[in-house]
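Observations on chain architecture
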Amino acid sequence: MNVKDEIAKILSAAIKKVGLDADRLSVVFSNRPELCDYQTNFAMLMAKELGEKPIDLAEKIVKNAEKSKKFEFDAVMPGFINIKLTELCLSEIANFVLNDKDLGIEKVEKQRLVFFDYGGANVAKELHVGHLRSPIVGEALKRLHFTLGDKVVSDMHLGDYGLQMGLTILQLKNDHFLDDFFEKNAKINEISLKNVTLDVLNDEYPKASKRKDVDDEFKKLADQYTLFIQQKKEPYYTIYQKIRELSVQEIVKNYDMLNCNFDFCYGESDAAPFIDKTIQLFVDKGLAHESEGALVVDVAREGEHIPLPKKSEDEPQRYKNPMPPAIIKKYNGGDLYATTDIATIFMRNRDFKPDEIIYVTDNRQSMHFEQVFRCSKLAGISPAEQKLTHVPFGTMNGKDGKPFKTRSGGVVRLKEVVGMLTKSAEDKLAQNGIVGDKELARRIGVGAMKFGDLSNLVTKDYVFDIEKFLSFDGKTGPYVQYTIARINSILSKAKYKGGRIAISGKDEREIVLAILKLNSSYKICYDAYSLNALVSATFDLASAFSTLYNNQKILSETDDKKKLSLLGLCALVKACLEKALWTLGIDTVEKM
Ligand code: ARG
């Protein structure tokens, strides 16, 4: 059921009757909701070309529109056609949505297989606030695609192949955590990491990372260790695997707390078996050349070349490229971030052949992905028809407008963030007399943050403000969760088992219109790779319901038919809100 299409059909017929072509007809939600529900500026658009008065044309079209029990058409100055849905129409929509398994949300025309690469935690490094947005945005985009009918696959693509691994092992070795492994004739497989715990890793990596910036020898050695891992040299490789295992468990737990689940926890290292093959493709096709000992691919495109001034007439023209070459082999033969990403595309196409791969990382990686995408297209690793999309997100800032830090300026661990949110939610719940339900508090706290995050355009920076996120009224997650909890209580008190909805009056009308807007926001978000429209529409529906709730008695309604209809409307709102929250990756709660 598509209301816009139904309206357009009637108007198109009328437009044809007045002798015009309806190609440019577009029906949109009204921007004057107090006047009408939908509108079109078709008459204004055409009248200009025909040299006619817009209002005259609008009136002609309206006069020729087939009479309908569902829509009222009205020509208004200067030439708009306003469309209002009748209560009969709204009732039909409400009952249809309530009984439709997809709740009236239209699926995409062509179902595609979409592969999601998000999360992207790095092994051996502790997750911190900076790691929140990728799983939050990625999970929501994945669910959005699923809701609209695509097949989805997700991979967290762990960072497990880079310098941080070499650094960590070097530091652990220097601090004597690995002595057993380096003893002569050590039986490597039988040695366990024993005293290397997550806490140790959390100390060791930052130490190493600081030292590499000031100690060149140390950095070179770490480079070498990284290479050893990539070459599977022992005992480095076994140590590496054990560290990886330890931290992956922790990473999965962290993502679980955020309701993020992945089909695969592959990492950069899983692409290793395909690296030689992919590099060879570049070499064979003459796409790669050596530069300062490294192997690079020129990815700059014609129009991007900026000509540099020539020193003499016969000097060949040189260009400055805004897009620098991609390095696919390091000076020491090691593999780089671009190498594993290209090989990963190779692997994903071998295993899945997705129609699109969507990467969700912060915007500092935009150039990296552009290079990787161009390389993959050049070498035919990604077929021309495959869409490769980077969804770059902005930074989560503290109230001071700078990246969110602890009071003392330190990095806030992701676990701590979840702890803070849970604690704040517990305090709020206590005010409502609910104590001792930690899981409930987590659902509300984490949901609040996710709702707050996703209410922003993905590409924009935003301020992390727990107080604001967790407010029980206003455009917040808890407000929507609370609306659902309230409806749950109404429905269970009324022992609701279903009933027909008959829309009457302004408040009820507003609810159905809010549902129509909510349902159309899914596709808007799908096209925009951002969830903010869905968040707003979800809130608008919740607040339309609150208006009804405040103005109208439901449980004590004495007209049975009316009561049943109101309860049906409650069930409808609940279903629509739950679907929206699920899509956003936010839990619902029974009570709060
Ligand atoms: N591990 C990376 C980082 O921390 C993110 C991975 C994103 N995905 C990818 N295929 N490169 O920056």
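Remember, it's a predicted structure, so these values are computed and weren't measured experimentally. (Residues numbered from 1 in each chain as written. Predicted model: local features only at pLDDT ≥ 70, side-chain atom pairs only at ≥ 80, totals over all residues. Heavy atoms only, no water.)

On to the overall build of the protein chain, then. Counting its secondary structure elements, the protein chain contains 20 helices and 15 strands. The principal-axis extent of the C-alpha atoms belonging to the protein chain is close to 90 × 75 × 45 Å. Sequence-distant contacts in the protein chain: of pairs separated by 6 or more residues, those separated by 24 or more amount to 74%. Of the roughly 28,100 Å² of accessible surface on the protein chain, 51% is carried by carbon and sulfur atoms. Charge separation in the protein chain, taken as the distance between the mean sites of 85 positive and 85 negative side-chain charges, equals 3 Å. (Helix = DSSP H or I, 4+ residues; strand = E, 2+ residues; numbered from the N terminus. Contact = heavy atoms within 4.5 Å. Areas by Shrake-Rupley, 256 points an atom, 1.4 Å probe, with all protein chains shown as cover. Lys, Arg positive; Asp, Glu negative; His and termini not counted. Charge placed at Lys NZ, Arg CZ, Asp CG, Glu CD.)

This structure, assessed with the given rule, holds 21 aromatic pairs. When the ring of Tyr 237 is compared with that of Tyr 240, the centres are 5.8 Å apart and the planes differ by 35°; the resulting orientation is tilted. Taken together, the positions of Tyr 237 and Tyr 240, both in helix α10 (residues 236–257) and three residues apart, correspond to about one turn of that helix. Comparing Tyr 237 with Tyr 240 shows no difference in burial state: the two are buried. Three or more aromatic residues joined by ring pairs make a cluster, and in this case those are Phe 115, Phe 264, Tyr 266 and Phe 352. Geometry around Phe 182 places Lys 173 over its ring, the cationic atom sitting 4.8 Å from the centre. For the cation-ring pair, Arg 486 lies above Tyr 549, with the distance from its terminal atom to the ring centre recorded as 4.1 Å. (Phe/Tyr/Trp six-rings, centres within 6.5 Å; stacked < 30°, edge-to-face > 60°. Buried < 20%, exposed > 50% of the residue type's maximum accessible area, 1.4 Å probe, protein only. Lys NZ or Arg CZ within 6 Å of the ring centre and 35° of its normal.)

Scanning the entire structure with this criterion turns up zero disulfides. There is no disulfide at Cys 265, and the cysteine sulfur nearest it, in Cys 260, is 12 Å away. Overall, Cys 265 belongs to the partly exposed group, its relative accessible area being 32%. This cysteine, Cys 576, is not joined by any disulfide, and Cys 570 carries the nearest cysteine sulfur, 12 Å off. (Disulfide = S-S within 2.5 Å.)

The next subject is the sheet that holds strand β12 (residues 356–362). What holds strands together in a sheet is hydrogen bonding between their backbones, with the strands either parallel or antiparallel. Taken in spatial order, the four strands make up an open sheet running β6-β5-β12-β13, and their pairing is parallel. At either end of the open sheet lies a strand with only one pairing partner, and these are β6 (151–155) and β13 (387–393). Between one strand axis and the next, the sheet turns by 20° as a mean value, whatever way the strands run. The strands that helix α13 (residues 366–378) touches are β12 and β13; relative to β13, the one it contacts most, it runs at about 175°. (Pairing = 2+ DSSP bridges. Axes fitted to C-alpha atoms, helices over the stretch in contact; angles between N-to-C directions.)

The next point concerns the site of the ligand. Near the ligand the following residues occur: Asp 117, Gly 120, Asn 122, His 157, Gly 159, Tyr 337, Asp 341, Tyr 359, Thr 361, Gln 365 and Phe 369. Between the ligand and the protein, one listed contact pairs a nitrogen atom with a side-chain N or O atom of Tyr 337 at 2.7 Å. Here the ligand loses 88% of its free accessible area of 350 Å² to cover by the protein chains. When residues of the shell around the ligand are traced back to their parent elements, those giving at least two are α12 (337–351) and β12. Here the shell around the ligand is composed, by residue class, of three nonpolar, six polar and two charged. (Near = heavy atom within 4 Å. Polar contact = N/O pair within 3.5 Å; in protein donor to acceptor, adjacent residues only side chain to side chain. Nonpolar A, V, L, I, M, F, W, Y, C, P; charged D, E, K, R; others polar.)

A separate point is the pairing of strand β4 (residues 80–85). Of the pairings in the sheet, the one linking strand β2 (residues 38–40) to β4 comprises three bridges and is antiparallel in character. Bridging from a neighbouring strand, Tyr 38 pairs with Ile 83 of β4. Note that strand β3 (residues 71–76) and β4 share six bridges and pair antiparallel. Looking at β4, one finds that Asp 74 is bridged to Asn 82. Hairpin connection from β3 to β4: three residues lie between these consecutive antiparallel strands.

Glancing now at empty space enclosed by the protein. In this structure the tally under the stated criterion is one cavity of 30 Å³ or more. Estimated volume of the largest cavity: approximately 80 Å³. What lines the largest cavity is Ala 124, Lys 125, Glu 126, Leu 127, Leu 198, Leu 201, Asn 202, Ser 247, Glu 250, Ile 251 and Asn 254. When contributions to the lining of the largest cavity are tallied by element, the ones reaching two or more residues are α8 (198–214) and α10. Among the elements that take part in the lining of the largest cavity, α10 stands out by supplying four residues, more than any other. (1 Å grid on protein atoms, 1.4 Å probe; cavity = no way out; pocket = protein on both sides within 12 Å on 5 of 7 lines; lining within 4 Å. Points joined across faces, edges and corners; volume = space filled by probe spheres on them.)

So, about the nonpolar core. Ile 7, Phe 73, Leu 85 and Ile 243 are the most contacted members of the largest nonpolar core, which totals 191 residues. Here the element with the most residues in this core is helix α20 (residues 560–584); it accounts for twelve residues. The contacts of Ile 7, once residues within four sequence positions are left out, are Val 27, Tyr 38, Phe 71, Phe 73, Ile 83 and Leu 85. (Core = buried A, V, L, I, M, F, W, Y, C linked by side-chain atoms within 4.5 Å.)

Right, let's talk about the packing of helix α17 (residues 477–493) against helix α19 (residues 532–551) for a bit. For any two helices packed against each other, the geometry comes down to the angle between their axes and how far apart the axes lie. Packing of α17 against α19 brings their axes to within 9 Å, and their N-to-C directions diverge by 45°. Considering their axes alone, α17 and α19 lie oblique with respect to each other. Regarding α17 and α19, the two cross each other, and that crossing is left-handed. Residues Tyr 479, Val 480, Thr 483, Arg 486, Ile 487 and Ile 490 of α17 form the contact with α19, whose own contacting residues are Thr 538, Phe 539, Ala 542, Ser 543, Phe 545, Ser 546 and Tyr 549. Split by residue class, the contact of α17 with α19 holds eight nonpolar, four polar and one charged. (Parallel < 35°, antiparallel > 145°, perpendicular 65-115°, else oblique. Left-handed = near helix turned anticlockwise from the far one by under 90°.)

Here the second largest pocket is characterised by a volume of approximately 660 Å³. In terms of lining, the second largest pocket is formed by 27 residues, of which the most central are Asn 2, Lys 4, Glu 106, Ser 520 and Lys 523. Considering every element that reaches the lining of the second largest pocket, the biggest residue donor is helix α18 (residues 506–528), with five residues. Considered class by class, the residues forming the lining of the second largest pocket number 15 nonpolar, five polar and seven charged.

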